[in-house]
Amino acid sequence: DAGVIQSPRHEVTEMGQEVTLRCKPISGHNSLFWYRQTMMRGLELLIYFNNNVPIDDSGMPEDRFSAKMPNASFSTLKIQPSEPRDSAVYFCASSSEGGPYEQYFGPGTRLTVT
Amino acid sequence: KQEVTQIPAALSVPEGENLVLNCSFTDSAIYNLQWFRQDPGKGLTSLLLIQSSQREQTSGRLNASLDKSSGRSTLYIAASQPGDSATYLCAVRNSGGSNYKLTFGKGTLLTVNP
């Protein structure tokens, strides 16, 4: 398997623009996670999907952030409008439900909002 | 709320040295603990996963131990090599209703000098 695939790898945008990050989980995995990593706060869980359904979105910072999972092989994280404080590395991870629930991470998208 | 702390934040050692990275967590009701490696600009690679019922796990030159009652885990790296230079992250999965969540430490940046 190719592992978790994320695109784009790097995104530079101006404040106020819409940003869409994409993720393809490992085939057969039914859990998907979006994380954000910053120097100050480390890795934080933004949202968790199970079988394409959002289960926990308590980590989504505000209404400017939204995430969808229309099918088992694709998810998006959208920021609209983007702000400089959204600059971070965004990771997608997936796991299968049969324990030990080991999570496999994608390479991340480095987002810079100017 | 689970909190994970990693000490030291950074470590620099000469090649060939054995070393120990430390991880502590505040809530001992865990399902498992995972050690990850993160190379600059890359995603997270899972190194070792220890279930709550286990005391240690080994993979090659790596050995991870878990003392759940005291809220501690260590990652031992034997005969360190320059290629081991990376950030090492510890993550804890709690037992109970939110057992999908990983709580991460902020990592230890390891530099192995040739």
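Our subject in this report is the structure included herewith. As the structure is a computational prediction, the values presented were derived from the model and not from experiment.

### Some words on the overall build of chain A
Here is step 1: Of regular secondary structure, chain A possesses 0 helices and 11 strands.
Here is step 2: The globule rule puts the C-alpha radius of gyration for 114 residues at 13 Å, and the 13 Å found for chain A is close to it.
Here is step 3: Counting only C-alpha atoms, chain A reaches 40 × 25 × 25 Å along its principal axes.
Here is step 4: Scored against the burial criterion, the 114 residues of chain A give a buried share of 46%.
Here is step 5: In chain A, the proportion of contacts linking residues at least 24 apart, taken out of those at least 6 apart, comes to 53%.
Here is step 6: In the structure as shown, chain A presents an accessible area of about 5500 Å², 50% of it carried by carbon and sulfur atoms.
Here is step 7: Once the 10 positive and 13 negative side-chain charges of chain A are each reduced to a mean point, those two points are 4 Å apart.

### Description of the pattern of salt bridges
A side chain with one charge can pair with a side chain of the opposite charge if their charged atoms come near.
Here is step 1: A full pass over the atoms with the stated rule returns 11 salt bridges over all chains.
Here is step 2: For A:Glu44, the salt bridge identified is with A:Arg36, shortest N-O distance 3.8 Å.
Here is step 3: In this structure A:Glu44 comes out as buried when scored by relative accessible area, which is 16%.
Here is step 4: Where B:Lys101 meets A:Asp56, a salt bridge forms, and the shortest distance between an N and an O atom there is 3.3 Å. Here B:Lys101, found in the loop between strand S9 (86–94) and strand S10 (102–104), pairs with A:Asp56, found in strand S6 (residues 53–56), and the two come from separate chains.
Here is step 5: According to the relative accessible area criterion, A:Asp56 is buried, its value standing at 10%.
Here is step 6: Each of A:Glu62, A:Arg64, A:Glu83, A:Arg85 and A:Asp86 takes part in one network of salt bridges that share partners.

### Overview of the interface of chain B and chain A
Interface size is often expressed as the accessible area that is lost when the parts come together.
Here is step 1: Facing 20 residues of chain B, the contacting portion of chain A comprises 21 residues.
Here is step 2: It is B:Leu44, B:Tyr100 and B:Phe104 in chain B that bury the most area against chain A; as a group they hold 32% of the surface buried on that side.
Here is step 3: The tally of links from chain B across to chain A stands at 1 salt bridge.
Here is step 4: At the boundary of chain B with chain A, the tally comes to 7 residue pairs in polar contact (both at pLDDT 80 or more).
Here is step 5: Secondary-structure elements contributing two or more residues to the side of chain B that touches chain A are strand S4 (30–38), strand S5 (44–51), S9 and S10 of chain B.
Here is step 6: Element by element, the count of residues in the side of chain B that touches chain A is highest for S4(B), at 5 residues.

### Re the sheet that holds strand S3 (residues 19–24) of chain A
Residues and elements named next belong to chain A.
Here is step 1: The 4 strands are arranged S1-S3-S8-S7 in an open sheet whose pairing can be described as antiparallel. If you trace the sheet from one side to the other, it starts and ends with strand S1 (5–7) and strand S7 (65–71), each paired once. The sheet shows a mean angle of 15° between the axes of neighbouring strands, taken without regard to direction.
Here is step 2: Pairing geometry for S3 and strand S8 (residues 74–79), over 5 bridges, is antiparallel. Bridged to Val19 within S8 is Ile79.

### Brief notes about the environment of B:Asp39
Here is step 1: When you line up the elements, B:Asp39 lands in the loop between S4 and S5.
Here is step 2: Considered as a pair, B:Asp39 and B:Tyr88 are 49 residues apart in the sequence and their alpha carbons are 8.8 Å apart.

### What about the packing of aromatic side chains?
Here is step 1: Tallying each qualifying case throughout the model produces 9 aromatic pairs over all chains.
Here is step 2: Ring centres 4.9 Å apart and planes at 20° place the aromatic pair A:Phe33 and A:Tyr48 in the stacked group. One end of the pair, A:Phe33, is in strand S4 (residues 31–38); the other, A:Tyr48, is in strand S5 (residues 42–50), and 15 residues separate them in sequence. The pair formed by A:Phe33 and A:Tyr48 is uniform in burial state, with each residue classed as buried.
Here is step 3: Between the aromatic rings of B:Phe36 and B:Phe104, the centroid separation amounts to 5.6 Å while the plane-to-plane angle is 40°, which identifies the pairing as tilted. On the criterion of sequence distance, the pair formed by B:Phe36 in strand S4 and B:Phe104 in strand S10 is long-range, its members being 68 residues apart.

### Some remarks on unusual backbone geometry
Here is step 1: A cis amide bond, omega -5°, links A:Gln80 with the succeeding residue A:Pro81.
Here is step 2: The residue A:Pro81 is located in the loop between S8 and strand S9 (88–95) in this model.
Here is step 3: With omega at 0°, the peptide bond leading from B:Ile7 into B:Pro8 counts as cis.
Here is step 4: Mapped onto the fold, B:Pro8 is located in the loop between strand S1 (4–7) and strand S2 (10–14).

Rules behind the numbers
Residues numbered from 1 in each chain as written. Chains lettered and ligands numbered in written order. Predicted model: local features only at pLDDT ≥ 70, side-chain atom pairs only at ≥ 80, totals over all residues. Heavy atoms only, no water. Helix = DSSP H or I, 4+ residues; strand = E, 2+ residues; numbered from the N terminus. Rg over C-alpha atoms; globule rule 2.2 N^0.38 Å. Buried < 20%, exposed > 50% of the residue type's maximum accessible area, 1.4 Å probe, protein only. Contact = heavy atoms within 4.5 Å. Areas by Shrake-Rupley, 256 points an atom, 1.4 Å probe, with all protein chains shown as cover. Lys, Arg positive; Asp, Glu negative; His and termini not counted. Charge placed at Lys NZ, Arg CZ, Asp CG, Glu CD. Salt bridge = Lys/Arg side-chain N within 4 Å of Asp/Glu carboxyl O. Buried area = accessible area lost by both parts, 1.4 Å probe. Polar contact = N/O pair within 3.5 Å; in protein donor to acceptor, adjacent residues only side chain to side chain. Pairing = 2+ DSSP bridges. Axes fitted to C-alpha atoms, helices over the stretch in contact; angles between N-to-C directions. Phe/Tyr/Trp six-rings, centres within 6.5 Å; stacked < 30°, edge-to-face > 60°.

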